[in-house]
Amino acid sequence: NAGVTQTPKFQVLKTGQSMTLQCAQDMNHEYMSWYRQDPGMGLRLIHYSVGAGITDQGEVPNGYNVSRSTTEDFPLRLLSAAPSQTSVYFCASRQFPTGSYQPQHFGDGTRLSIL
Amino acid sequence: ILNVEQSPQSLHVQEGDSTNFTCSFPSSNFYALHWYRWETAKSPEALFVMTLNGDEKKKGRISATLNTKEGYSYLYIKGSQPEDSATYLCAFQNTGTASKLTFGTGTRLQVTL
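Cut-offs applied
- Positions within a chain are numbered from 1, following the residues in the order the chain's sequence is written.
- Here every chain gets a letter starting at A, and every ligand a number starting at 1, in the order they are written.
- In view of the model being predicted, local features appear only for residues whose pLDDT reaches at least 70, and side-chain atom pairs are presented and counted only at 80 or more, with totals across whole chains, interfaces and linings using the full set of residues.
- Computation of side-chain values covers all heavy atoms of the structure but excludes hydrogens and water.
- A helix here means a DSSP run of H or I that spans at least four residues, while a strand means a run of E at least two residues long, and both kinds are numbered starting from the N terminus.
- We call two residues in contact when some of their heavy atoms are within 4.5 Å.
- Two parts placed together each lose some accessible area under a 1.4 Å probe, and adding up what both lose gives the buried area.
- Salt bridges, as used here, are contacts in which a Lys or Arg side-chain nitrogen is within 4 Å of a carboxyl oxygen on Asp or Glu.
- Polar contact is the term for a pair of N or O atoms within 3.5 Å; when the atoms are in protein, one must be able to donate a hydrogen and the other to accept it, and sequence-neighboring residues count only if both atoms are side-chain atoms.
- Any two strands with at least two DSSP bridges between them are considered paired.
- Simply put, an axis is a line fit to the C-alpha atoms, just over the touching stretch for a helix, and the angle between two N-to-C directions goes from 0 to 180 degrees.

Asker: If you had to explain unusual backbone geometry to someone new, which residues and values would you point to?
Answerer: With an omega of -5°, the peptide bond running from T7 of chain A to P8 of chain A counts as cis. Tracing the backbone through its elements, the reader meets P8 of chain A in the loop between β1 (4–7) and β2 (10–13). Cis geometry is found at the peptide bond from S7 of chain B to P8 of chain B, where omega equals -5°. In this structure, P8 of chain B sits in the loop between β1 (5–7) and β2 (10–14). Even without glycine at this site, N28 of chain A takes up a positive phi of about 60°.

Okay, here's the thing in structure tokens:
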């Protein structure tokens, strides 16, 4: 089972460049989310989606865009990369709506460095 | 922003020791409490999703308890093994924003021979 697949695994960007982190899941999960993980901090929610066509902001959305055109895919776009966005990014999915008490499934992460 | 705290931040035990960690969360508007195990260079893996006050869950040598009235959960590992070395994360879901999880910063466990 593929589960949650993130690409790329590593990326180095220059300040001001844009890029898209890809996330796909094959479990037919309605809920998908993006987190960033920084030293000394927990996983912080960037954006999330409860279904195709529906997205919302999390705790740290500035500098990032998302879209959800299909159930399977939830790409994260960095509009103009800044050194403060150097981080490890995780995509996650789970069943939704609430009432199902399901855990989240995480991708393997994308390690992003902005120079 | 909800406050989810885990203690201790890190823990170093000998093989065979039993240990426990704490996750503290808001005691109001509780929906669920998640525990994840996160090995270095891998992705977090779900251990438990706990939903009711007094819940106890067990998976092998790992177990967890839940007190929603006072806002804490304990994770226990009995007879720690080197393969238990990982960061253990808890995440709180409340009823108001039930689609989102708020994570603690984790407890990093290292088990040595």
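Back to the write-up after that little detour.
Asker: I'd like a description of the interface of chain B and chain A, backed by residues and values.
Answerer: At the junction of the two partners, chain B supplies 21 residues and chain A supplies 25 residues. Carbon and sulfur atoms make up 66% of the surface buried where chain B meets chain A, a total of about 1,700 Å² over both sides. When the buried area of chain B at its contact with chain A is split by residue, Y31, S99 and F103 of chain B rank highest and sum to 30% of it. Where chain B touches chain A, the interface holds 0 salt bridges. Summed over the shared surface of chain B and chain A, the number is 1 residue pair in polar contact (both at pLDDT 80 or more). Elements with a contribution of two residues or more to the side of chain B that touches chain A: β4 (30–38), β5 (45–50) and β9 (86–94) of chain B. For the side of chain B that touches chain A, the element with the most residues is β4 of chain B, which contributes 5 residues.

Asker: Can you lay out the sheet that holds strand β7 (residues 62–67) of chain B for me, pointing to particular residues and giving the numbers?
Answerer: Residue and element names in this part refer to chain B. Strand order in the open sheet formed by 5 strands is β1-β3-β8-β7-β6, with antiparallel pairing between adjacent strands. In the strand order of this sheet, the two ends are held by β1 and β6 (56–59), each with one partner. Across the sheet, the mean angle from the axis of one strand to that of its neighbour is 15°, orientation sign disregarded. The sheet contact formed by β1 and strand β3 (residues 19–24) spans 3 bridges and is antiparallel. Across the sheet, the residue bridging to Q6 is C23, located in β3.

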